[in-house]
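Below are the chains, spelled out letter by letter.
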Amino acid sequence: MVAGNTSVWTSGQEGNEGTQGGGVVSQEISLPPPQEQGRMSLEEAINQRRSIRDFTAEPLSLAQLSQILQAAGGISHTRRGRRTVPSAGATYPLEIFVL
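Some points on the overall build of the protein chain
Assigned secondary structure in the protein chain consists of two helices and five strands. Sorting the 99 residues of the protein chain into buried and exposed places 13% on the buried side. The contacts of the protein chain with a sequence gap of at least 6 include a subset with a gap of at least 24, amounting to 41%. Looking at the protein chain as shown, the accessible area adds up to about 8,400 Å², and 50% of this sits on carbon and sulfur atoms.

Things to note about the confidence of the model for the protein chain
Residues at a pLDDT of 70 or more form 75% of the protein chain, whose mean pLDDT is 76. Mean pLDDT across the secondary structure elements of the protein chain bottoms out at strand β2 (residues 19-20), with 48, and peaks at helix α1 (residues 42-48), with 93. Across residues 1-6, where pLDDT falls below 50, the model places 25 contacts with residues more than four positions away in sequence or in other chains. This model gives residues 11-20 a pLDDT under 50, and the stretch forms 21 contacts once residues within four places in sequence are excluded.

Concerning helix α2 (residues 62-73)
With 12 residues, α2 should reach 16 Å at 1.5 Å per residue; the first-to-last C-alpha distance of 16 Å fits that figure. Regarding α2, the residues found buried are Leu65, Ser66, Leu69, Gln70 and Gly73. With its buried residues spanning 135° around the axis, α2 presents them on a single face.

So, the environment of alanine 71
Tracing the chain through its elements places alanine 71 in helix α2. Sequence-wise, alanine 71 and threonine 84 are 13 residues apart; in three dimensions their C-alpha atoms are separated by 6.1 Å. Excluding residues that lie within four positions of it along the chain, alanine 71 makes contacts with Thr84 and Val85.

Parameters at a glance
Residues numbered from 1 in each chain as written. Predicted model: local features only at pLDDT ≥ 70, side-chain atom pairs only at ≥ 80, totals over all residues. Heavy atoms only, no water. Helix = DSSP H or I, 4+ residues; strand = E, 2+ residues; numbered from the N terminus. Buried < 20%, exposed > 50% of the residue type's maximum accessible area, 1.4 Å probe, protein only. Contact = heavy atoms within 4.5 Å. Areas by Shrake-Rupley, 256 points an atom, 1.4 Å probe, with all protein chains shown as cover. pLDDT = per-residue confidence, 0-100. Expected span 1.5 Å × (residues − 1). Arc of directions from axis to C-beta.

In structure tokens form, the structure reads like this:
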């Protein structure tokens, strides 16, 4: 995922047709670009952070999903391939799955 560009993430779904290894079907989903500027500073976000365990059955919007995926492992610098998360030796052994 590249900040500022429409991005495509591949999602896996169980199925029989078009499977790739382990019985997973790939499906591409176009996501809107994530926001590069938030509504509050990092310090304000940390200060106001609370754990809330009252969830809704309402699904995330594609914009929300785009923002979460960018923060979890998106590319932050396209020329150098840098990501939003650190990795020893730039190996990025992290896999992100959307269920």
